[in-house]
Amino acid sequence: MTTKTQLIVCLLAAGAGIGVGRYLASDEPFNARKALGHALLSGGLGVCAAASPLMFPGISTEAQVGLACVLSSLGASALKAVFNKFVGVKA
């Protein structure tokens, strides 16, 4: 596996783990379908951190993984707010 592929897998795993953890910590009754959905959505948000070198040139791999964890924890609304701020769109 190349270094970039390893990074993407790491970002996906970090995001998916946080998504499942957030679901298991909630008061909702367990449902495997919802757990898988949380894993996929949070994993996708984690992979969005791969675009962080566009905003922060020279960012380290460890910082990208940390950013993936933050994005996965905060969710899609936080990613939208960051994107809008970066692009300069007022929401």
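Since this is a predicted model, take the numbers as computed values, not measurements. Just so you know, the residues in each chain are numbered from 1, in the order the chain's sequence is written. Thresholds applied to this predicted model are a pLDDT of at least 70 for local features of residues and 80 or more for the giving and counting of side-chain atom pairs; totals over whole chains, interfaces and linings are not thresholded and use all residues. The side-chain values count all of the structure's non-hydrogen atoms but skip hydrogen atoms and water molecules.

### Focus: the overall build of the protein
Basically, it comes down to this: Runs of H or I in DSSP of at least four residues are treated as helices and runs of E of at least two as strands, each being numbered from the N terminus. We call a residue buried when its accessible area falls under 20% of the maximum for its residue type, exposed when it is over 50%, and partly exposed in between, using a 1.4 Å probe and counting protein chains only. A contact between two residues is defined here by any heavy atoms of the two lying within 4.5 Å. Residue-level accessible areas treat just the shown protein chains as cover; the underlying method is Shrake-Rupley with a 1.4 Å probe.
Within the protein, the regular secondary structure consists of five helices and zero strands. Its helices and strands taken in sequence order, the protein reads α-α-α-α-α from the N to the C terminus. Counting only C-alpha atoms and orienting by the principal axes, one finds that the protein spans roughly 40 × 40 × 15 Å. Taken over 91 residues, the protein has a buried fraction of 24%. Nonlocal contacts in the protein, meaning residues at least 24 apart in sequence, comprise 58% of its contacts between residues at least 6 apart. For the protein, the accessible surface area stands at approximately 6,100 Å², while carbon and sulfur atoms represent 69% of it.

### Considerations on the packing of aromatic side chains
This is how the line gets drawn: Note on aromatic contacts: the rings of Phe and Tyr and the six-membered ring of Trp form a pair at centre separations within 6.5 Å, being stacked when their planes are under 30 degrees apart, edge-to-face when over 60 apart, and tilted otherwise.
Across all of its chains, the model carries one aromatic pair by this definition. Geometrically, the ring pair formed by Tyr 23 and Phe 30 is tilted, given 6.1 Å between the ring centres and 50° between the ring planes. Note on Tyr 23: relative accessible area 2%, which makes it buried.

### So, helix 4 (residues 61–74)
Worth spelling out the cut-off: Multiply 1.5 Å by the residue count of a helix minus one, and that product is the helix's expected span. Read the arc as the range of directions from the helix axis to the C-beta atoms.
Here helix 4 contains 14 residues, and its C-alpha end-to-end distance of 20 Å stays within 8% of the 20 Å for a straight helix at 1.5 Å per residue. Of all the residues in helix 4, the buried ones are Gln 64, Ala 68, Leu 71 and Ser 72. Viewed along the axis of helix 4, the buried residues span an arc of 95°, placing them on a single side of the element. When the buried face of helix 4 is taken as reference, the exposed residues oriented beyond 90 degrees from it are Glu 62 and Leu 74. Residues of helix 4 that are buried sit in contact with helix 1 (3–25), helix 2 (32–47), helix 3 (52–55) and helix 5 (76–87). Trailing helix 4 by a residue or two, Gly 75 shows a phi angle of about 95°, which is positive.

### Regarding the UniProt feature "transmembrane region" (unreviewed entry) in the protein
Formally: UniProt positions are given in the numbering used here, feature names are shortened, and annotations may be inferred rather than shown by experiment.
Here, the residues flagged by UniProt with the feature "transmembrane region" (unreviewed entry) are residues 6–25 and 37–59. Helix makes up 100% of residues 6–25 and strand 0%, with an end-to-end C-alpha separation of 28 Å. Between the C-alpha atoms that bound residues 37–59 there is a distance of 30 Å. The span itself is 65% helix and 0% strand.

### A closer look at the layout of surface pockets
If a probe as big as a water molecule is rolled over the atoms, it shows which places are left empty. The cut-off we apply is this: Lining residues are those with an atom within 4 Å of a point, where the points come from a 1 Å grid over the protein atoms alone and group into cavities, where a 1.4 Å probe fits but cannot get out, or pockets, open sets with protein on both sides within 12 Å along at least five of seven lines. Grid points are joined across faces, edges and corners, and a volume is the space filled by probe spheres set on the points. Here the nonpolar group is Ala, Val, Leu, Ile, Met, Phe, Trp, Tyr, Cys and Pro; Asp, Glu, Lys and Arg are the charged ones; every other residue, Gly included, is treated as polar.
Space inside the largest pocket adds up to approximately 300 Å³. Along the wall of the largest pocket there are 16 residues; nearest its centre are Cys 48, Met 55, Leu 71, Leu 79 and Val 82. At the level of elements, helix 3, helix 4 and helix 5 are the ones that each hand at least two residues to the lining of the largest pocket. Looking at which element gives the most residues to the lining of the largest pocket, the answer is helix 5, with five residues. Class assignment of the residues belonging to the lining of the largest pocket gives a composition of 15 nonpolar, one polar and no charged.

### As for the nonpolar core
For soluble globular proteins, nonpolar side chains are generally found buried alongside one another. Put simply, the rule is: For this analysis, a nonpolar core means a set of buried residues of the types Ala, Val, Leu, Ile, Met, Phe, Trp, Tyr and Cys, connected via side-chain atoms within 4.5 Å.
Ranked by size, the top nonpolar core spans five residues in total: Leu 7, Leu 11, Ala 49, Ala 68 and Leu 71. Contributions of two or more residues to this core are made by helix 1 and helix 4. Not counting residues within four places of it along the chain, the set of residues in contact with Leu 7 comprises Thr 61, Gln 64 and Val 65.

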